[in-house]
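Residue strings, one per chain:
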Amino acid sequence: MRPVTWLARLLPDLAPARDHPAYRRLLAGGQLSMLGGAMTSFAVMFQIWDLTRSSLAVGLLGLTFVPVLVVGLLGGAIADSVDRRRLGLVTSALLMAVSAAFAAQAYADLGQLWLLYALAMVQAVLQAIGAPARRTFTPRLVPPEQLTAAIALNTLSGRIAMLAGPALAGLIAASWGVRACYAIDTVSFLASLYATARLPAMRPVMSPAGSTAGQEAGRQPLPDGGRGRRSLGAAAEGLRFIGRQPLLVAAFLTDLDAMLLGMPVALFPALNAAHFGGSLRTLGLLNAAVGAGGLVSAVLSGPAARVARQGRGMLAGTMIWGAAIACFGLTASLPLALLMLAVAGAADTLTVTFRAAMVQTVTPDELRGRVSSVEYIIGTGGAPLGNVESGAVASLTTPVISTVAGGLGCLAIAALIGLMFPAFSQYRSRPAKQPG
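The rules behind each value
Throughout this description, residue numbers start from 1 for each chain and increase along the sequence as written. With the structure being a predicted model, the display of local features is reserved for residues of pLDDT at least 70 and the display and counting of side-chain atom pairs for 80 or more, all residues being used for whole-chain, interface and lining totals. For the side-chain quantities, the full set of heavy atoms in the structure was used; hydrogens and water were omitted. Every residue is assigned a pLDDT by the predictor, reflecting its confidence on a scale from 0 to 100. For the purposes of this entry, the term helix denotes a DSSP run of H or I that reaches at least four residues, the term strand denotes a run of E that reaches at least two, and both are numbered from the N terminus. In what follows, residue pairs with any heavy atoms lying within 4.5 Å of each other are defined as contacts. Residue exposure (1.4 Å probe, protein chains only): buried if accessible area is under 20% of the type maximum, exposed if over 50%, otherwise partly exposed. For the purposes of these results, a polar contact is taken to be a pair of N or O atoms within 3.5 Å, where, inside protein, one atom must be able to donate a hydrogen and its partner to accept one; residues adjacent in sequence count only when each atom of the pair is a side-chain atom. Residues grouped as a nonpolar core are buried Ala, Val, Leu, Ile, Met, Phe, Trp, Tyr and Cys residues, joined through side-chain atoms within 4.5 Å. We count a salt bridge whenever a side-chain nitrogen from Lys or Arg sits within 4 Å of a carboxyl oxygen from Asp or Glu. Patch membership needs two things, relative accessible area over 30% and no salt bridge, and members are linked within 9 Å if like-charged or within 5 Å if nonpolar (Val, Leu, Ile, Met, Phe, Trp, Tyr). Residue-level accessible areas treat just the shown protein chains as cover; the underlying method is Shrake-Rupley with a 1.4 Å probe. Aromatic contacts are taken between Phe, Tyr and Trp rings whose centres are within 6.5 Å, Trp giving its six-membered ring; a plane angle under 30 degrees counts as stacked, one over 60 as edge-to-face, and the others as tilted. Multiplying 1.5 Å by the helix residue count minus one yields the expected span of that helix. At every residue, the bend is computed as the angle between two fitted axes, covering the seven residues ending there and the seven beginning there respectively. In this analysis an axis means a line fitted to C-alpha atoms, helices contributing only their contacting stretch, and an angle means the value between N-to-C directions, from 0 to 180 degrees. Throughout this description, any angle smaller than 35 degrees is read as roughly parallel, any larger than 145 degrees as roughly antiparallel, any in the 65 to 115 degree range as roughly perpendicular, and the remainder as oblique. By definition, any crossing whose near helix is turned counterclockwise from its far helix by less than a right angle is left-handed, and any crossing with a clockwise turn is right-handed. Ten residues, namely Ala, Val, Leu, Ile, Met, Phe, Trp, Tyr, Cys and Pro, are considered nonpolar, four, namely Asp, Glu, Lys and Arg, are considered charged, and the remaining ones, Gly among them, are considered polar.

## Side note on the confidence of the model for the protein
(1) Moving on: Residues with a pLDDT of 70 or more make up 88% of the protein, whose mean pLDDT is 82.
(2) Moving on: The least confident element of the protein is strand β2 (residues 220–221), whose mean pLDDT is 45; the most confident is helix α6 (residues 84–107), at 96.
(3) Moving on: Here residues 209–228 is a poorly scored stretch, pLDDT under 50, and it has 39 contacts once near neighbours within four places are set aside; other chains count.

## Topic: the side chain of Gln 47
(1) Moving on: You can see Gln 47 is positioned in helix α3 (residues 21–52).
(2) Moving on: Residue classification places Gln 47 among the buried positions, given a relative accessible area of 12%.
(3) Moving on: Engagement of the side chain of Gln 47 in a polar contact is seen with the side chain of Gln 105, the distance being 3.1 Å.
(4) Moving on: Excluding residues that lie within four positions of it along the chain, Gln 47 makes contacts with Gln 105, Leu 116, Val 178 and Tyr 182.

## Examining the nonpolar core
(1) Moving on: The biggest cluster of nonpolar side chains holds 54 residues, and the ones touching the most others in it are Phe 102, Tyr 182, Trp 321, Phe 328 and Leu 341.
(2) Moving on: The residues contacting Leu 341, other than those within four sequence positions of it, are Phe 268, Leu 286, Ala 289, Val 290, Ile 325 and Phe 328.
(3) Moving on: Ala 128, Phe 241, Leu 248 and Val 371 belong to the second-largest nonpolar core, a separate cluster that totals 19 residues.

## A closer look at helix α13 (residues 268–275)
Helical geometry: 3.6 residues make up each α-helical turn, so side chains three or four residues apart lie on a common side.
(1) Moving on: Three or more residues of α13 are buried, namely Phe 268, Pro 269, Ala 270, Leu 271 and Asn 272.
(2) Moving on: Of the surrounding secondary structure, the elements contacted by the buried residues of α13 are α3, α4 (55–59), α14 (280–299), α15 (310–330), α16 (334–362) and α18 (399–420).

## Let's talk about the pattern of salt bridges
(1) Moving on: One pass over the structure, following the stated rule, counts eight salt bridges.
(2) Moving on: Overlapping salt bridges, with partners in common, bring together Asp 80, Arg 84, Glu 237 and Arg 370 in one network.

## Re a nonpolar patch on the surface
(1) Moving on: Taken together, the side chains of Leu 56, Leu 60, Leu 63 and Val 66 define a hydrophobic patch exposed on the protein surface, amounting to about 310 Å² of accessible area.
(2) Moving on: Relative to the elements of secondary structure, Leu 56 occurs in helix α4.

## Notes on the environment of Arg 18
(1) Moving on: Along the chain, Arg 18 falls in helix α2 (residues 15–19).
(2) Moving on: What makes Arg 18 exposed here is its relative accessible area of 57%.
(3) Moving on: A polar atom in the side chain of Arg 18 sits 3.4 Å from the side chain of Asp 19.

## Re the packing of aromatic side chains
Each aromatic ring pair is specified by the distance between its two centres and by the angle formed by the two planes.
(1) Moving on: Using the criterion set out here, one finds two aromatic pairs in the structure.
(2) Moving on: Ring geometry for Phe 102 versus Tyr 182: centroids 5.2 Å apart, planes at 10°, classification stacked. Residue Phe 102 is located in helix α6, and its partner Tyr 182 is located in helix α10 (residues 178–197); the two are separated by 80 residues in the primary sequence.

## Topic: helix α7 (residues 113–135)
(1) Moving on: In this model α7 runs 32 Å from its N-terminal to its C-terminal C-alpha over 23 residues, within 8% of the 33 Å that 1.5 Å per residue would give.
(2) Moving on: The principal kink in α7, of about 30°, is found at Ile 129, preceding the proline Pro 132 by one to four residues.
(3) Moving on: Those residues of α7 lying buried are Leu 115, Leu 116, Leu 119, Ala 120, Gln 123, Ala 124, Leu 126, Ala 128, Gly 130, Ala 131, Pro 132 and Ala 133.

## Quick notes on the packing of helix α5 (residues 65–79) against α7
(1) Moving on: Contact geometry of α5 with α7 gives a least axis separation of 7 Å together with a crossing angle of 30°. Our classification of the angle between α5 and α7 gives roughly parallel. Viewed along their axes, α5 and α7 form a crossing whose handedness is right-handed. Between α5 and α7, the residues in contact are Pro 67, Val 68, Val 71, Gly 72, Gly 75, Gly 76 and Ala 79 and Met 121, Ala 124, Val 125, Ala 128, Ile 129, Pro 132 and Ala 133, respectively.
(2) Moving on: Per-class residue counts for the contact of α5 with α7 are 11 nonpolar, three polar and no charged.

## Re unusual backbone geometry
Backbone geometry follows two general trends: most residues other than glycine have a negative phi, and most peptide bonds adopt the trans configuration.
(1) Moving on: Of note in the backbone geometry, Arg 53 takes a positive phi value of approximately 55° without being a glycine.
(2) Moving on: You can see Arg 53 is positioned in the loop between α3 and α4.
(3) Moving on: The phi torsion at Asp 109 lies on the positive side, around 55°, for a residue other than glycine.
(4) Moving on: With respect to the helices and strands, the residue Asp 109 is situated in the loop between α6 and α7.
(5) Moving on: Taking relative accessible area as the criterion, Asp 109 reaches 61% and is therefore assigned exposed.

Dropping the structure here:
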């Protein structure tokens, strides 16, 4: 086998970004915005820790999940009833204003815990409204045969943000304070706003009978543009669709398992202080390690796009994640801790790619907003809830016990899901063709 061909099979397919300018702009704009968002997440977490020295106080950021649960479902219904491009523009502009408010309170040195929680709550609500619409863009911008490759590139972009965002935030916060992190995030929204503004109209379309998700040809706009469907009843229609799809149920439960039990980010400051010296730079490395492993996995994601048993891949990745997190909780060696977090991040990248591909495969466009809202609620809301869980357990026991128990519990629940949903582990997709 020629070296070039061998390497091409390992690396992600760049064809979607090369062939479709609108998708390329969206990918680049989203990359910059995600980097800024990672800096704000780091800054909020550290600011709360600095004010309280309490893992529980940091974990309480997870209570932003409460409004996200309802608003997120409505956000999906809205995304399936309006021009998704316009919805993305409005929510991004408002999120930019929230980041500016974070920066203002930091520059004013207000030091108000309630204000940080309030801004985080508003930010979470706006993200829950806008994210379902944004998740529907990719299937409309690339042809079906390039959808999995585009999803892999989206995942790679997210992993770059996970790696570079916290690492840069740690360095920037140590040099100029957390205020600079907030300011950079505010400016980063300009790229995303530009990319979204250049998109064509993105009204939902109805699938013809017998069509499969991802095949846009022959689709027609929803009657009346989908007006009158912006309600909890419309959201319930999406939930009923998910309930009829064991594949989606199992995929979302697996994701929730990893986020709820195996995501102890709220404990990083305490574990950093107890085991690794407590410096800002070390805390940045801990946060970045998950992204580093995820980035390596995403860069070498070519074979993952050709995996047929994606459900089994999700289960395996979640078990590896749980085991690695448990090992991280047990070690006081910084190199080993970073390695375990990197292994966890690599496994998580595979599960994210497999889940996204399965969701897009079985979901028609007229329901993508609502199904994407559930995916967003679990993926984004599950992690904050996991922080509440890990922070609460740590306050009753120790951060080490909380981390280890969560990782082992994550592994056990993933095995149970595999037994309860045999169709999930037996599911076969159509793997992508090998390049060259």
